[in-house]
Amino acid sequence: MLRLVVLLIVAVLPFNSGAREGMWLPMLIDDFNIGEMQEMGFKLSAADVYTVNAASMKDAVVRFGNGCTGGVISAEGLIITNNHCANSAIQKLSSIENDYLTAGFWASSREEELPNEGLTVSILRSMEDVTAIVLSGVNDSIRESARQRIIASNIDSISNNAVKDLHYQAVVEPFYSGNRYYLFVYEVFKDIRLVGTPPAGIGDFGGESDNWMWPRHTGDFALFRIYADESNRAADFSPTNVPYKPAHYFPVSLEGVEEGDFAMVLGFPAKTSQYVPSYHVSMLADLVYPKMIELRDAKLDIMDRHIVQDQKIRLQYAAKHSAVANSFKRWKGEIRGLKMLGGVDMKQQYEAGFNTWLNSDSMRIVSYGNILSEYSKLYKALSKYRLAHDYMLELIGYTGIETLKFAGSFERLATLVDAEEVDEDAVEMEKLHLREQAEKHFKDFSRAIDMEICISMFEMMEMDLPQEFRPSFLSIIKNQYKGDYSSFVKALFDNTLFDKHNDVSKFIDKFDKRKVKELKADLAFAIYTDMRNIYYKDINSRYIRINSRIDSLNRVYINALMEYDKERHFYPDANSTLRLSYGEVMGYEPSDGIVYSYFTTLDGVIEKEDPDNYDYRVPEKLKELYHAGDFGQYGMGGTVPVCFVSTNHTTGGNSGSPVLNDRGELIGLNFDRAWDGIMSDMIFNPHLSRNISVNMRYVLFIIDKYAGSAYLFDEMTIVGD
């Protein structure tokens, strides 16, 4: 009965949504959002959030690396982001002797701040609607391929002209499925130095056990500093660079939060799919996600067994384990949420109303066609290719079998060397790149783990993939090895050079045309090539073609929806561009008899402590501060607030996003979403969708009382108690 009541309540919500749902473009909030924001308590104006030619909040929000957000919190370029966003950078700086992931790190002076090769921070300088220019020369009579060529050419011209004679970077992004286009101009800073990060027992407290869950007790933050040249412009790393002077930085609030307080999140959310049809939701929840969960469950089980036994492996695989576990748990949560709320049924109900409206007018049928029928055919064709596409990437992609993926990285070198006219400079550059890649690969590589994962993945691939998508080496295992996957994998690793650092280094140094044949004969490279060929020839090409037809239909569908649902305010799906979401600090009731408060405290950290579980180990100094009641000005009610939840619409990419109060002051740092509303990428439910943030009172407490780095406060503006 409860599920039915929830379904009936929620069924209308995404389709009659208020402004609290959505990820809005800051440039456009004056059109609709600012009025409701001010009614909710926001005391500033739209210009305070976004202005091109004057300082505004947009100047204090940074894209951290390639997939997170951060906020500038001082006039000296100090930025704050999540500890988990900085995990990879901190790991690269760590060693067994200096394990900053576990023990933390705090620079006591600017000279001690640690450079991070390859880490960038991007700041948005401007955005502009360029739809008319992008679509110049496009009309409904041309083929889709011609349309895309014209658009691509127009975008290149716009991007190049936007940054001509400037040191900025420009990108044009589509919105509303290609119905609108906006130009974004960024300044990309390349000299980013680590200032401080808490130990894992604070910054990653709860680990994967608590990931996506509420209540949380994680001090998920890290501090970096942006350095610039003497003209305050982005520059490559140099000892002569100086701290960046931002146009705006966020004051840090000590007031804390109360239930009902206004909360605003600014950040770079990665991807949402709010307007997809029911067929898309069904494909993911019923077919693709369950198989991906099985694959990652197997990977995690193998990693976990090795990590608990070896401190070195735990350090090597910290970032890898996190990368695998993150989506694994998210997919499980999305399936649970969609099933509980009847997500497919809800979409279908809305589509039924839309279809009735569409078929009630002959001119609409002429304009839009039979959209839902077309979707049905396309998704039926897409489903098997989407599964095979995602499955193959789980094997040789980012979180795939490391030895195969590493062997495949030599493909470009072989192509360069085997060309009719060899570009020696390009060859040497590629060799340099591969030497660097080899160093990184073997620094964090376990042969035993990779062998076990390889065995498991091959066995599952044989069971899950249809014959047309199975690589030929599986028949070798079946026939020559009598189905003995362990023996085959042992032979693979015994007969490849790609699990031996010294052999790889020598191979790179001596690589020439004669070595190309040797590379192709290597079993790891041959298996990678076998799988890659199937991926590109049999899977990806068809997958792209069907998706292209769906994309074209999406463009028509969103236009039709806007005509059908005229009272609805349509926000654009997230696409890693700067967005604003707003809501309230608020707890929630996920199910009958369970009530979650809006905040957690240091009491909960101590209650969760488990010395035998790495996720719940509490640093001794933190326990001493707690038992002594040494909370300073950061305490409230005899403890220290740690995290809180609010109703902001967030997704991946919002990790590290500044959470601001009604005066634009920093009250928290977004780091996660609650499990019960995790399906918000496709269906936002204000009753259950909650983002999770670390309270700035806890951040300041850790910096001051735990790390003894209160000197950093001298460059911040701290307001409140």
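Quick caveat: nothing in here was measured; it's all calculated off a predicted structure.

How each quantity is defined
- Per chain, the residues get numbers from 1 upward, laid out in the order the sequence is written.
- Given that the model is predicted, a residue must reach a pLDDT of at least 70 before its local features are reported, and side-chain atom pairs must reach 80 or more before they are shown or counted; all residues, however, enter totals for whole chains, interfaces and linings.
- Neither water nor hydrogens contribute to the side-chain values; these are computed over all heavy atoms in the structure.
- The pLDDT value expresses, per residue, how confident the predictor is, ranging between 0 and 100.
- Contact criterion: two residues are considered in contact whenever any of their non-hydrogen atoms come within 4.5 Å of each other.
- Elements are defined by DSSP. Helices are runs of H or I of four residues or more, strands are runs of E of two residues or more, and each kind is numbered from the N terminus.
- One fewer than the residue count of a helix, multiplied by 1.5 Å, yields its expected span.
- Three exposure classes are used, based on accessible area relative to the maximum for each residue type with a 1.4 Å probe and protein chains only: buried under 20%, partly exposed in between, and exposed over 50%.
- Interaxial angles span 0 to 180 degrees and are taken between N-to-C directions of axes, which are lines fitted to C-alpha atoms, for helices over the stretch in contact.
- For classification purposes, angles smaller than 35 degrees are called roughly parallel, those larger than 145 roughly antiparallel, those between 65 and 115 roughly perpendicular, and all remaining angles oblique.
- Here the nonpolar group is Ala, Val, Leu, Ile, Met, Phe, Trp, Tyr, Cys and Pro; Asp, Glu, Lys and Arg are the charged ones; every other residue, Gly included, is treated as polar.
- Counting rule for disulfides: a pair of cysteine sulfur atoms within 2.5 Å.
- Residues enter patches when their relative accessible area tops 30% and they take part in no salt bridge; the joining distance is 9 Å for like charges and 5 Å for the nonpolar side chains Val, Leu, Ile, Met, Phe, Trp and Tyr.
- Methods summary: accessible areas were calculated by the Shrake-Rupley approach with a probe of 1.4 Å, and residue burial reflects only the protein chains presented.
- Any Lys or Arg side-chain nitrogen located within 4 Å of an Asp or Glu carboxyl oxygen qualifies as a salt bridge.
- Charge assignment in this entry is limited to Lys and Arg as positive and Asp and Glu as negative, and neither His nor the chain termini are counted.
- Charge positions are represented by NZ for Lys, CZ for Arg, CG for Asp and CD for Glu.
- When DSSP finds two or more bridges between two strands, those strands count as paired.
- The term polar contact refers here to a pair of N or O atoms within 3.5 Å; inside protein, the definition further demands a hydrogen-donor-capable atom paired with an acceptor-capable atom, and it admits residues adjacent in sequence only when both atoms are side-chain atoms.
- What we call a nonpolar core is a set of buried Ala, Val, Leu, Ile, Met, Phe, Trp, Tyr and Cys residues that are connected through their side-chain atoms within 4.5 Å.
- Each aromatic pair joins two rings of Phe, Tyr and Trp (for Trp, the six-membered one) with centres within 6.5 Å, and gets the label stacked for planes under 30 degrees apart, edge-to-face for over 60, and tilted for any other angle.

### A closer look at the confidence of the model for the protein
Summarising the model, the protein shows a mean pLDDT of 93, and 97% of its residues fall at 70 or more. Low confidence marks residues 1–19, where pLDDT is under 50. Its contacts with residues over four positions away, or in another chain, come to 33 contacts.

### Re helix 19 (residues 447–464)
Here helix 19 contains 18 residues, and its C-alpha end-to-end distance of 25 Å stays within 8% of the 26 Å for a straight helix at 1.5 Å per residue. Regarding helix 19, the residues found buried are Ile-449, Asp-450, Met-451, Ile-453, Cys-454, Ile-455, Ser-456, Met-457, Phe-458, Met-460, Met-461 and Asp-464.

### Looking at the packing of helix 13 (residues 343–359) against helix 24 (residues 523–564)
Packed helix pairs are characterised by how far apart their axes lie and by the angle those axes make with each other. One way to put it is that helix 13 packs onto helix 24 with a least axis distance of 11 Å and a crossing angle of 80°. The pairing of helix 13 with helix 24 is recorded here as roughly perpendicular in orientation. Between helix 13 and helix 24, the residues in contact are Tyr-350, Glu-351, Gly-353, Phe-354 and Trp-357 and Tyr-557, Ala-560, Leu-561, Glu-563 and Tyr-564, respectively. Residues belonging to the contact of helix 13 with helix 24 are distributed by class as follows: seven nonpolar, one polar and two charged.

### Some words on the state of the cysteines
Counted under the stated rule, the structure contains one disulfide. Here Cys-643 stays unpaired: no disulfide links it, and the sulfur of Cys-85, its closest cysteine neighbor, is 15 Å away.

### Remarks on the packing of helix 18 (residues 424–443) against helix 22 (residues 501–509)
Two numbers describe how helix 18 lies on helix 22: the axes approach to 10 Å, and their chain directions differ by 175°. Judged on the interaxial angle alone, helix 22 and helix 18 are roughly antiparallel. Contacts between helix 18 and helix 22 involve Lys-431, Leu-434, Arg-435, Ala-438, Glu-439 and Phe-442 from the first element and His-501, Val-504, Ile-508 and Asp-509 from the second. The class makeup of the residues in the contact of helix 18 with helix 22 is five nonpolar, one polar and four charged.

### Examining a negative patch on the surface
Together, Asp-423, Glu-424, Asp-425 and Glu-428 make up a negatively charged patch on the protein surface. Following the sequence through the fold, Glu-424 ends up in helix 18.

### A look at the pairing of strand 10 (residues 222–228)
A regular strand places its side chains on the two faces of the sheet in alternate fashion. Of all seven residues that make up strand 10, seven are buried, and the element is covered over most of its length. Burial along strand 10 is two-sided: Ala-222, Phe-224, Ile-226 and Ala-228 and Leu-223, Arg-225 and Tyr-227, pointing in opposite directions, are all buried. Relative to strand 10, strand 3 (residues 78–81) is paired through four bridges, and the arrangement is antiparallel. Of the residues in strand 10, the one forming a bridge with Thr-81 is Ala-222. When strand 9 (residues 191–197) meets strand 10, the two strands line up antiparallel, connected through five bridges. Pairing of Gly-196 across the sheet is with Leu-223, part of strand 10. As paired elements, strand 10 and strand 11 (residues 242–243) share two bridges and run antiparallel to each other. Each bridged residue has a counterpart across the sheet, and for Ala-228 the counterpart in strand 11 is Val-242.

### Considering helix 27 (residues 696–706)
Residue pairs three or four apart in sequence face the same way in an α-helix, which turns once every 3.6 residues. For helix 27, a buried count of nine out of eleven residues is recorded, marking the element as mostly surrounded by other parts of the structure. Listed as buried for helix 27 are Met-696, Arg-697, Tyr-698, Val-699, Leu-700, Phe-701, Ile-702, Ile-703 and Tyr-706. Taking the backbone nitrogen of Arg-697 as reference, a side-chain oxygen 2.9 Å away marks Asn-695 as the first, capping residue of helix 27. Phi turns positive one or two residues past the end of helix 27, at Gly-708, with a value near 65°.

### Quick notes on the pairing of strand 14 (residues 579–584)
Counting buried residues along strand 14, six of its six residues qualify, which places the element largely inside the surrounding structure. Residues Arg-579, Ser-581 and Gly-583 point to one face of strand 14 and Leu-580, Tyr-582 and Glu-584 to the other, with burial holding for every one of them. In this structure, strand 13 (residues 262–267) lies alongside strand 14, joined through six bridges in antiparallel fashion. From the neighbouring strand, Met-264 faces strand 14, where its bridge partner is Tyr-582.

### Observations regarding the nonpolar core
The biggest cluster of nonpolar side chains holds 216 residues, and the ones touching the most others in it are Leu-223, Phe-410, Phe-458, Phe-498, Leu-622, Tyr-698 and Phe-701. Ranked by residues supplied to this core, first place goes to helix 24 with 16 residues. Leaving out residues up to four positions away in the same chain, Tyr-698 has contacts with Ile-202, Thr-218, Gly-219, Leu-602, Val-605, Leu-622, Val-640, Pro-641 and Val-642. Judged by nonpolar contacts, the second largest core, of eleven residues, contains Ile-151, Ile-155, Ile-158 and Leu-183.

### Considering the side chain of Lys-623
Along the chain, Lys-623 falls in helix 26 (residues 620–628). With relative accessibility at 15%, the residue Lys-623 sits in the buried group. A polar side-chain atom of Lys-623 sits 2.9 Å from a polar atom in the side chain of Glu-620. For Lys-623, the residues in contact, after removing those within four places along its chain, are Ile-606, Glu-609 and Val-618.

### Considerations on the packing of aromatic side chains
Throughout the structure, instances matching the rule amount to 43 aromatic pairs. With centroids separated by 6.5 Å and ring planes inclined at 15°, the aromatic side chains of Phe-184 and Tyr-186 adopt a geometry described as stacked. Here Phe-184 falls in the buried class, since its relative accessible area comes to 0%. Consider the rings of Phe-354 and Tyr-557, whose centres lie 5.4 Å apart with planes at 85°: the pair is edge-to-face. One end of the pair, Phe-354, is in helix 13; the other, Tyr-557, is in helix 24, with 203 residues separating them in the sequence. Of the two residues examined, Phe-354 and Tyr-557, each falls in the buried class.

### Brief notes about unusual backbone geometry
For the bond from Trp-214 to Pro-215, the omega torsion is 10°, close enough to zero to count as cis. For Pro-215, the position within the fold is in the loop between helix 9 (207–210) and strand 10. Here Ser-576, not a glycine, exhibits a phi torsion of approximately 70°, which is positive. Looking at the secondary structure, you find Ser-576 in the loop between helix 24 and strand 14. We classify Ser-576 as partly exposed; its relative accessible area is 29%.

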